[in-house]
Amino acid sequence: MPELPEIETFKRYLDHTSLRQKIREVTITRQRILKDVSLRQLAGALKNHSFRGTERHGKYLAVDVGNGKQMVLHFGMTGCLHYVDQDDPDSPYARMIVTFANGHRLDYANKRMLGRVRLVDDFDDLVDELELGPDALEIGADEFDERLRPHGGAIKSTLMNQSLVAGLGNTYTDEILFQARIHPATPVDALSAPERKRIYRMMRKVLRKAIDVQGEPDRMPRSYLVPHRHDGAPCPRGNGIVHRTRVAGRSAYYCPVCQPRPGRKR
Ligand SMILES: [Zn+2]
């Protein structure tokens with residue numbers, strides 16, 4: 001499932017392939033992918049304009065259309081972007097196809113249809129409306145601590161709460177907690193100040209590293225959990241076996257030796 005590093009990768013991909021090209025046509029293959037906008041409105045806003053720039057907040061990508069409108073993409077569980085040649089077939093599960101004047105196309109593909117395409121006047125207003133917290137790579141250490149501390153519940157599900165901080169999902173919260181050596185079910189109010197600080201530092205480290213490798217798990221360092229994120233895999237630190245557990249209804253992978261349960265610290 002795409003999280004902040006994957007969306008940042010899509011952003012850079014779109015910046016690299018699709019800016020400043022006149023848009024000839026917009027095709028929607030499944031109406032349900034549109035949220036609060038009709039195809040007519042979307043096509044009207046995009047046609048004969050061009051993408052001017054992009055902005056990311058958490059897992060949302062806003063594309064400036066240059067006429068006071070921004071197209072906002074959310075990728076759900078399975079979304080991605082493909083820039084293709086005019087002779088290439090449509091990407092599998094292409095739900096929106098933007099055709100440029102040169103015949104090339106930008107496909108927004110989404111197999112499971114959980115992402116959405118919106119058209120807004122102001123991305124910041126949408127961020128407020130969706131009650132997203134600060135972006136996980138933008139938030140400062142003090143603000144992170146202030147926002148985290150009052151939360152109840154387990155650290156893993158708290159980090160995944162998009163209103164605390166936007167951009168983290170199941171995979172990278174596991175990695176952050178592995179790097180910080182904190183059990184995913186640890187109640188937030190049981191964390192010490194140095195532990196919260198460590199989580200903040202590891203959050204930045206993990207997200208930056210994942211962006212560097214364009215979110216490809218196999219290119220993550222061997223010392224990371226992500227390439228070993230399955231039940232029974234050896235701990236990348238050589239300390240034990242990766243376990244799977246459930247935290248607030250989501251599966252979490254962790255190493256019981258590196259990340260002892262709270263109250264059982266070595
Ligand atoms: Zn371990």
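Structure: above.
Small disclaimer: the values here were computed from a predicted structure and weren't measured.

Novice: Got a minute to help me understand a nonpolar patch on the surface in this structure?
Specialist: Nonpolar side chains collect at one region of the surface, where Met1, Met77 and Leu114 lie side by side and expose about 260 Å² of accessible area between them. Along the polypeptide, Met1 turns up in the segment before helix H1 (4-18). Look at Met1 and you get partly exposed, because its relative accessible area is 44%.

Novice: Before we go on, may I ask you to explain helix H6 (residues 170-180) in this structure?
Specialist: Spacing of three or four residues puts side chains on the same side of an α-helix, whose turn is 3.6 residues. Summarising burial for H6: ten of the eleven residues are buried, a large majority. Of the residues making up H6, those classed as buried are Asn170, Tyr172, Thr173, Asp174, Glu175, Ile176, Leu177, Phe178, Gln179 and Ala180. A positive backbone phi angle near 60° is found at Arg181, which sits one or two residues after H6.

Novice: I'm lost on the packing of H6 against helix H7 (residues 193-212) in this one. Help?
Specialist: To characterise two packed helices, one gives the angle between the axes of the helices and the distance between these axes. Between H6 and H7, the shortest axis-to-axis distance is 9 Å and the interhelical angle comes to 125°. As far as their axial angle goes, H7 and H6 are oblique. In this structure, H6 meets H7 at a crossing whose hand is right-handed. Residues Tyr172, Glu175, Ile176, Leu177, Gln179 and Ala180 of H6 form the contact with H7, whose own contacting residues are Arg198, Ile199, Met202, Met203, Lys205, Val206 and Ala210.

Novice: Sorry, what's going on with the pairing of strand E9 (residues 243-247) here?
Specialist: For a regular strand, side chains alternate in direction, first toward one face of the sheet and then toward the other. Pairing geometry for E9 and strand E10 (residues 250-254), over five bridges, is antiparallel. Its bridge partner being in E10, Val247 is matched across the sheet by Arg250. Adjacent in sequence and paired antiparallel, E9 and E10 are bridged by two residues, among which Ala248 carries a positive phi angle near 50°.

Novice: Can you walk me through the packing of aromatic side chains in this structure?
Specialist: Two numbers describe a pair of aromatic rings. These are the distance of the centres and the angle of the planes. Overall, the coordinates contain five aromatic pairs when judged by the stated rule. With a centroid separation of 6.0 Å and 85° between ring planes, the pair formed by Phe51 and Phe100 is classed as edge-to-face. Here Phe51, found in the loop between helix H2 (39-46) and strand E2 (53-57), pairs with Phe100, found in strand E6 (residues 94-100); they are 49 residues apart in sequence, far enough to count as distant. There is no split in this pair, since Phe51 and Phe100 are both buried. Considering the side-chain rings of Tyr83 and Phe100, the 6.1 Å spacing of their centres and the 45° angle between planes classify their relative orientation as tilted. Residue Tyr83 is located in strand E5 (residues 79-84), and its partner Phe100 is located in strand E6; the two are separated by 17 residues in the primary sequence. One residue, Arg237, lies across the ring of Phe178, its end atom 4.1 Å from the ring centre.

Novice: For this particular structure, what's the right way to read the sheet that holds E6?
Specialist: Strand pairing in a sheet relies on backbone hydrogen bonds. The paired strands run either parallel or antiparallel. A sheet is described by the order of its strands in space; here four strands give the open sequence E1-E6-E7-E5, paired in antiparallel fashion. Each edge of the sheet is formed by a strand with only one pairing partner; in this case those strands are strand E1 (23-28) and E5. Each neighbouring strand pair of the sheet contributes to a mean axis angle of 15°, computed without reference to strand direction. Of the strand pairs in this sheet, E5 and strand E7 (residues 105-110) are connected by six bridges, and their pairing is antiparallel. In the sheet register, Gly79 faces E7, and the bridge partner there is Asn110. Across the sheet, H1 is in contact with E5, E6 and E7; its angle to E5 comes to roughly 20°. In the packing of H2 onto the sheet, the strands contacted are E1 and E6, and the crossing angle to E1 comes to about 160°.

Parameters at a glance
- Residues numbered from 1 in each chain as written.
- Predicted model: local features only at pLDDT ≥ 70, side-chain atom pairs only at ≥ 80, totals over all residues.
- Heavy atoms only, no water.
- Patch = residues over 30% accessible without salt bridge, like charges linked within 9 Å, V, L, I, M, F, W, Y side chains within 5 Å.
- Areas by Shrake-Rupley, 256 points an atom, 1.4 Å probe, with all protein chains shown as cover.
- Salt bridge = Lys/Arg side-chain N within 4 Å of Asp/Glu carboxyl O.
- Helix = DSSP H or I, 4+ residues; strand = E, 2+ residues; numbered from the N terminus.
- Buried < 20%, exposed > 50% of the residue type's maximum accessible area, 1.4 Å probe, protein only.
- Axes fitted to C-alpha atoms, helices over the stretch in contact; angles between N-to-C directions.
- Parallel < 35°, antiparallel > 145°, perpendicular 65-115°, else oblique.
- Left-handed = near helix turned anticlockwise from the far one by under 90°.
- Contact = heavy atoms within 4.5 Å.
- Pairing = 2+ DSSP bridges.
- Phe/Tyr/Trp six-rings, centres within 6.5 Å; stacked < 30°, edge-to-face > 60°.
- Lys NZ or Arg CZ within 6 Å of the ring centre and 35° of its normal.

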